[in-house]
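# Per-entry structural report
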Amino acid sequence: MLEGITLYSISYYQKSVFKGSYRGMNFHLQKAGDEENPALEAVAWKGPFILEKTEEEIFTKRFEFSDAGIEAASEWLSDQQKILGGNYDKD
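To start, this report covers the structure provided alongside it. Every chain's residues receive numbers from 1 upward, in the order its sequence appears when written. Where totals are concerned, whole chains, interfaces and linings use all residues; where local detail is concerned, this predicted model gives features only for residues with pLDDT of at least 70, and gives and counts side-chain atom pairs only at 80 or more. In computing side-chain values, all of the structure's heavy atoms are included and hydrogens and water are not.

Attention shifts here to the sheet that holds strand β1 (residues 18-22). Note: two strands are recorded as paired if DSSP finds a minimum of 2 bridges between them. The helix and strand labels rest on DSSP assignments: H or I over at least four residues marks a helix, E over at least two residues marks a strand, and numbering proceeds from the N terminus. With antiparallel pairing, four strands are arranged side by side in an open sheet as β1-β2-β3-β4. At either end of the open sheet lies a strand with only one pairing partner, and these are β1 and β4 (58-64). With direction set aside, neighbouring strand axes in the sheet form an average angle of 25°. Across seven bridges, strand β3 (residues 38-46) lies against β4 in antiparallel orientation. Bridging across to β4, Ala42 finds its partner in Lys61. Every axis corresponds to a line fitted to the C-alpha atoms, with the helix fit spanning only the stretch in contact, and the corresponding angles, defined between N-to-C directions, vary from 0 to 180 degrees.

What follows is the structure in C-alpha cells.
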C-alpha cells in the first residue's frame with residue numbers, strides 16, 4: 001500500500017482524476033472505458049516530470065471499477081514504486 005496516501009472511494013473517480021507522486025514515482029488514477037464497461041485506470045512513471053513532459057516509460061493497468069479495484073490499484077502502484085522509486089526505498 002502507499003503509505004501516507006489515502007485513495008478515495010470509487011464515487012470520486014466517477015468525475016475526477018486523482019494525481020499524485022510517491023517516493024520518486026508519479027501516478028494518476030481515473031475512470032476509463034464507457035458507462036457499460038467502466039474500469040479504473042492506473043498510470044505510473046518515474047518522476048519528477050508530469051506525464052505530458054516525461055520521457056520515461058509509462059506503465060498502465062486497468063482494474064475493476066469498484067472499491068476492490070481501488071485496493072488492487074493501490075497494491076499495483078506500490079509495486080511500481082519499488083521499481084521506479086530509485087533510492088527512496090533505502091531508508
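Read on, since the account is not over.
Secondary-structure assignment places Gln80 in helix α1 (residues 67-84). Classification of Gln80 as buried rests on a relative accessible area of 9%. For Gln80 and Val43, which are 37 residues apart along the polypeptide, the C-alpha to C-alpha distance reads 9.7 Å. Here a residue-residue contact requires only that any non-hydrogen atoms of the pair lie within 4.5 Å. If near-sequence neighbours (up to four positions away) are discounted, Gln80 is found in contact with Met25, Ala44, Phe59 and Gly85. Buried, partly exposed and exposed residues are distinguished by accessible area as a fraction of the type maximum, computed with a 1.4 Å probe on protein chains only: under 20%, between the cut-offs, and over 50%, respectively.

Turning next to the side chain of Lys31. Within the secondary structure layout, Lys31 lies in strand β2 (residues 25-33). Among the polar contacts listed, one links the side chain of Lys31 to the side chain of Gln14, at a separation of 3.0 Å. Looking at Lys31, its side chain comes within polar contact range of the side chain of Glu35, at 2.8 Å. We call two N or O atoms a polar contact when they sit within 3.5 Å, provided that within protein one can donate a hydrogen and the other can accept it, with sequence-adjacent residues counted only if both atoms are side-chain atoms.

Here Gly20 shows up in strand β1. Along the chain, Gly20 and Ala44 lie 24 residues apart, while their C-alpha atoms are 9.7 Å from each other. Non-local contacts of Gly20, meaning those with residues more than four positions away in its chain, are made with Met25, Asn26 and Phe27.

Attention now goes to the side chain of Thr54. Following the sequence through the fold, Thr54 ends up in the loop between β3 and β4. Looking at Thr54, its side chain comes within polar contact range of the main-chain nitrogen of Glu56, at 3.0 Å. The residues contacting Thr54, other than those within four sequence positions of it, are Trp45, Lys46 and Phe49.

Only buried Ala, Val, Leu, Ile, Met, Phe, Trp, Tyr and Cys residues count toward a nonpolar core, and they belong to the same one when joined by side-chain atoms within 4.5 Å. Membership of the largest hydrophobic core comes to 19 residues, with the highest contact counts inside it found for Tyr13, Met25, Phe27, Leu29, Leu40, Ala42 and Leu77. Elements with a contribution of two residues or more to this core: β1, β2, β3 and α1. Setting aside residues no more than four positions away along its own chain, Ala42 makes contact with His28, Leu29, Phe59, Thr60, Lys61, Phe63, Ala73, Trp76 and Leu77.

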